[in-house]
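One-letter residues, chain by chain:
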Amino acid sequence: MFEVLFILTTIFVAYVVYEVVNEKKSVPKPEAPKVSVEQPVPETIVEKIKPTKIKSAALKKTTPKAATQNIVKKGLRDPKTGEVATTYNNYRFTKRWIKDALVTEGLLEKVYKNNELDPVIEALIKSALIKLEAIDNYKP
């Protein structure tokens, strides 16, 4: 029964997609109506404006080395493997070694399970992650 329902649903979806694609091809683009009446164009007076000089201080270019020095690298580096993790905002999807590092550094009392998370614990975890980022051993 479910197989038949799945097949019918698939056929219907394919039909809808087919119709949408063909509808876009068959709809003619509306053209702007052509106006044959010409209106007189008023004369405009253009005043001559002196070009302004750009000061050389404004043209200073930043070198790529100087631009990369200002970028702060955000992430955590695993001291054992050298792996760098840059996405760890959500504790549920954080890598296991980061969770273990929070416990070994004494920033959390244990590795929390997903069903144990509540707003108070999540706030505690976020502050612990900020402290872990400050430790030199985990900086990238």
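Here, every reference points to the structure presented above.
Read on for a plain summary of the structure. Treat the numbers as computed from the prediction; the structure is a model and nothing was measured.

## Digging into the overall build of the protein chain
The helix and strand inventory of the protein chain stands at four helices and two strands. Each helix and strand of the protein chain, ordered N terminal to C terminal, gives the series α-α-β-β-α-α. Burial statistics for the protein chain: of 140 residues in total, 15% are counted as buried. Working note: accessible area of the protein chain is about 13,100 Å², and carbon and sulfur atoms make up 61% of it.

## Some points on the side chain of Thr94
Within the element layout of this structure, Thr94 appears in the loop between β2 (84-85) and α3 (96-104). Here Thr94 falls in the buried class, since its relative accessible area comes to 6%. At a separation of 2.8 Å, a polar atom in the side chain of Thr94 contacts the main-chain carbonyl oxygen of Asn90. Other than its neighbours up to four places away in sequence, Thr94 contacts Tyr88 and Lys99.

## Some details on the packing of aromatic side chains
Tallied over the entire structure, the rule returns zero aromatic pairs. Stacked on the ring of Tyr91, the Lys or Arg Lys99 has its end atom at 4.9 Å from the ring centre.

## Some remarks on the nonpolar core
With 17 residues, the main nonpolar core has Leu76, Ile98 and Ile125 as its most contacted residues. Secondary-structure elements contributing two or more residues to this core are α3 and α4 (119-134). Here this core takes five residues from α4, the largest share from any one element. Leave out the neighbours within four places in its chain, and Ile125 touches Tyr91, Leu108, Tyr112 and Leu117.

## What to know about the side chain of Lys99
Position of Lys99 among the secondary structure elements: in helix α3. Buried charge without a salt bridge: Lys99, with Asp100 as the nearest opposite-charge side chain at an N-O distance of 8.5 Å.

## Examining the environment of Ser127
Here Ser127 is to be found in helix α4. You can call Ser127 partly exposed: its relative accessible area is 32%.

## Describing α4
Structurally, the α-helix is built with 3.6 residues per turn, so residues lying three or four positions apart point the same way. Relative to the 22 Å expected for 16 residues at 1.5 Å per residue, α4 spans 23 Å between its end C-alpha atoms, a close match to the ideal helical length. Within α4 the residues assigned to the buried category are Ile121, Ile125, Ala128, Leu129 and Leu132. Down the axis of α4, the buried side of the element spans an arc of 105 degrees, and every buried residue falls inside it. Structural note: α4 exposes Pro119, Val120, Lys126, Ile130, Lys131 and Ala134 on the side pointing more than 90 degrees away from its buried face.

## Topic: the packing of α3 against α4
Where α3 contacts α4, the two axes come as close as 10 Å, and the packing angle between them is 85 degrees. Here α3 is positioned roughly perpendicular relative to α4, judged by the angle of their axes. Residues Ile98, Ala101 and Leu102 of α3 pack against Ala128, Leu129 and Leu132 of α4. Taken together, the residues that form the contact of α3 with α4 break down as six nonpolar, no polar and no charged.

Definitions and cut-offs
Residues numbered from 1 in each chain as written. Predicted model: local features only at pLDDT ≥ 70, side-chain atom pairs only at ≥ 80, totals over all residues. Heavy atoms only, no water. Helix = DSSP H or I, 4+ residues; strand = E, 2+ residues; numbered from the N terminus. Buried < 20%, exposed > 50% of the residue type's maximum accessible area, 1.4 Å probe, protein only. Areas by Shrake-Rupley, 256 points an atom, 1.4 Å probe, with all protein chains shown as cover. Polar contact = N/O pair within 3.5 Å; in protein donor to acceptor, adjacent residues only side chain to side chain. Contact = heavy atoms within 4.5 Å. Phe/Tyr/Trp six-rings, centres within 6.5 Å; stacked < 30°, edge-to-face > 60°. Lys NZ or Arg CZ within 6 Å of the ring centre and 35° of its normal. Core = buried A, V, L, I, M, F, W, Y, C linked by side-chain atoms within 4.5 Å. Lys, Arg positive; Asp, Glu negative; His and termini not counted. Salt bridge = Lys/Arg side-chain N within 4 Å of Asp/Glu carboxyl O. Expected span 1.5 Å × (residues − 1). Arc of directions from axis to C-beta. Axes fitted to C-alpha atoms, helices over the stretch in contact; angles between N-to-C directions. Parallel < 35°, antiparallel > 145°, perpendicular 65-115°, else oblique. Nonpolar A, V, L, I, M, F, W, Y, C, P; charged D, E, K, R; others polar.

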